[in-house]
Amino acid sequence: MSSSPAVLMRLVASSFTIAEKAATIVRNVMSGGDLGIVEKSGVDDLQTKADRLAQQSICASLSRKFPKVTVIGEEELPSENVSEELIESGQNEEILKYPCPSQYDCIKEEELVVWVDPLDGTKEYTEGLLDHVTVLIGIAYEGKAIAGVINQPYYNYEYSKYSKAGKGAVLGRTIWGVLGIGAFGFQLKELPAEKHIVTTTRSHGNKLVNDCVTAMNPHSVIRVGGAGNKIIQLIEGKASAYVFASPGCKKWDTCAPEAILHAVGGKLTDMNGNAYQYHKDVKYMNSAGVLAALRNFDYYASHVPESVKQALK
């Protein structure tokens, strides 16, 4: 009789279906028309009914199935009983067919921390830029991002909406990855090494951010919302570096994307080249910015101005 799958693989398999449930919630709130928008710290820091319901669904579903795992969500929500209709108990059986990497085989539930962004790109969601939106579930062990799930609720949205050929296109997709296994659910593509396309913030720009982007000598700059969205641009060959020389991103923004990027050989650090830590007691803010690339990370790290490094120490 074969042994049951390792807790890490069960957690990833469950996170996959839980993220799909959250994506359905996100789409249903949008189609319902009442987004229930509230400002948190300002007009660029919003929360919607979709954020609230998706987080309740993700956190409650994970906690019910893995009660000893620490689950940290972006939204500060009152403790209350979550409706059963928000609970997802399924798991992706295909993921369970992959053997757990040996270094993670004996991890215990209580050693894992899950970082949840129920709706990454909320501002863009409220503005109808739906292809920017992702659901992020990142898994950390000993402070390191080791696995992640990114769901794009509106993947194929423009294609299915405007193209006759796309009318039958499936709306949404889920990407997952584990260090030591790889990442799946997309087609990995690299830009040529000499092609420097930078993706950066759409709504949180300032002089420091712009100066750092310029210092990369980019051929072009893409300004979009969502950390998950930007990392997908890297792994699908639409951009070569993600440059954000400012505080703003938080651990739930980067844990899942970092794990998936690292699983395919990429790298994500702060602007000084330091790895972020994802322990349960760590401060939430990524105060030293974000620098990420699928390949040629050293090129971009070497072009970060000293003034930026000093400002973000």
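All values reported here derive from a predicted model rather than from experimental measurement.

**As for the pattern of salt bridges**
Here comes step 1: In the structure shown here, the tally under the stated rule is 9 salt bridges.
Here comes step 2: Its salt-bridge partner being Arg 173, residue Glu 236 comes within 2.9 Å of it at the nearest N-O pair. Here the residue Glu 236 occupies a position in the loop between helix 7 (227-235) and strand 11 (241-244), and Arg 173 occupies one in strand 7 (residues 173-178), the gap between them amounting to 63 residues. Neither residue differs from the other here; Glu 236 and Arg 173 are each classed as buried.
Here comes step 3: As a salt-bridge pair, Asp 211 and Lys 207 come within 2.6 Å of each other at their nearest N and O atoms.

**Re empty space enclosed by the protein**
Here comes step 1: Tallied over the entire structure, the rule returns 1 cavity of 30 Å³ or more.
Here comes step 2: Its boundaries defined by the atoms lining it, the largest cavity holds a volume of some 80 Å³.
Here comes step 3: Together, Lys 189, Glu 190, Leu 191, Pro 192, Ala 193, Lys 195, Leu 234, Ala 239, Ser 240, Leu 294, Arg 295 and Asn 296 line the largest cavity.
Here comes step 4: Class assignment for the residues of the lining of the largest cavity results in 6 nonpolar, 2 polar and 4 charged.

**Remarks on the packing of aromatic side chains**
Here comes step 1: Overall, the coordinates contain 9 aromatic pairs when judged by the stated rule.
Here comes step 2: On the numbers, 5.0 Å between centres and 45° between planes, the contact of Tyr 98 with Phe 184 is tilted. Of this pair, Tyr 98 sits in the loop between helix 3 (93-96) and strand 4 (112-120) while Phe 184 sits in strand 8 (residues 182-184), and the two are 86 residues apart along the sequence.
Here comes step 3: Here Tyr 98 falls in the partly exposed class, since its relative accessible area comes to 31%.
Here comes step 4: Aromatic side chains Trp 115 and Tyr 284 sit 5.7 Å apart centroid to centroid with 85° between the ring planes, which places their arrangement in the edge-to-face category. With a gap of 169 residues between them, Trp 115 in strand 4 and Tyr 284 in the loop between strand 12 (267-269) and strand 13 (290-293) connect regions that are remote in the sequence.
Here comes step 5: Judged by its relative accessible area of 0%, Trp 115 falls in the buried class.
Here comes step 6: Its relative accessible area of 38% is what places Tyr 284 among the partly exposed residues.
Here comes step 7: Through a chain of ring-to-ring contacts, three or more aromatic side chains come together here, namely Trp 115, Trp 252, Tyr 278 and Tyr 284.

**Considerations on unusual backbone geometry**
Here comes step 1: Of note in the backbone geometry, Glu 142 takes a positive phi value of approximately 50° without being a glycine.
Here comes step 2: As for its placement among the helices and strands, Glu 142 is situated in the loop between strand 5 (134-141) and strand 6 (144-152).
Here comes step 3: Despite not being glycine, Asn 217 shows a phi value in the positive range, around 50°.
Here comes step 4: Position of Asn 217 relative to the elements: it lies in the loop between helix 6 (207-215) and strand 10 (220-224).
Here comes step 5: For Asn 217, a relative accessible area of 49% corresponds to the partly exposed category.

**Observations concerning the sheet that holds strand 13**
Here comes step 1: Strand order across the open sheet formed by 5 strands is 10-9-11-13-12, with mixed pairing between neighbours. The open sheet has two free edges, formed respectively by strand 10 and strand 12, since each of these has just one partner strand. Taken pair by pair, the neighbouring strands of this sheet meet at an average axis angle of 20°, ignoring direction.
Here comes step 2: Strand direction decides the pairing type here: strand 9 (residues 197-201) and strand 10, joined by 5 bridges, are parallel. Within the sheet, the bridge partner assigned to Thr 201 lies in strand 10 and is Val 224.
Here comes step 3: Helix 8 (residues 251-263) contacts strand 12 and strand 13 of the sheet and is inclined by roughly 145° relative to strand 12.

Calculation rules
Residues numbered from 1 in each chain as written. Predicted model: local features only at pLDDT ≥ 70, side-chain atom pairs only at ≥ 80, totals over all residues. Heavy atoms only, no water. Salt bridge = Lys/Arg side-chain N within 4 Å of Asp/Glu carboxyl O. Helix = DSSP H or I, 4+ residues; strand = E, 2+ residues; numbered from the N terminus. Buried < 20%, exposed > 50% of the residue type's maximum accessible area, 1.4 Å probe, protein only. 1 Å grid on protein atoms, 1.4 Å probe; cavity = no way out; pocket = protein on both sides within 12 Å on 5 of 7 lines; lining within 4 Å. Points joined across faces, edges and corners; volume = space filled by probe spheres on them. Nonpolar A, V, L, I, M, F, W, Y, C, P; charged D, E, K, R; others polar. Phe/Tyr/Trp six-rings, centres within 6.5 Å; stacked < 30°, edge-to-face > 60°. Pairing = 2+ DSSP bridges. Axes fitted to C-alpha atoms, helices over the stretch in contact; angles between N-to-C directions. Contact = heavy atoms within 4.5 Å.

Functional significance is not addressed by these values, which are geometric in nature.
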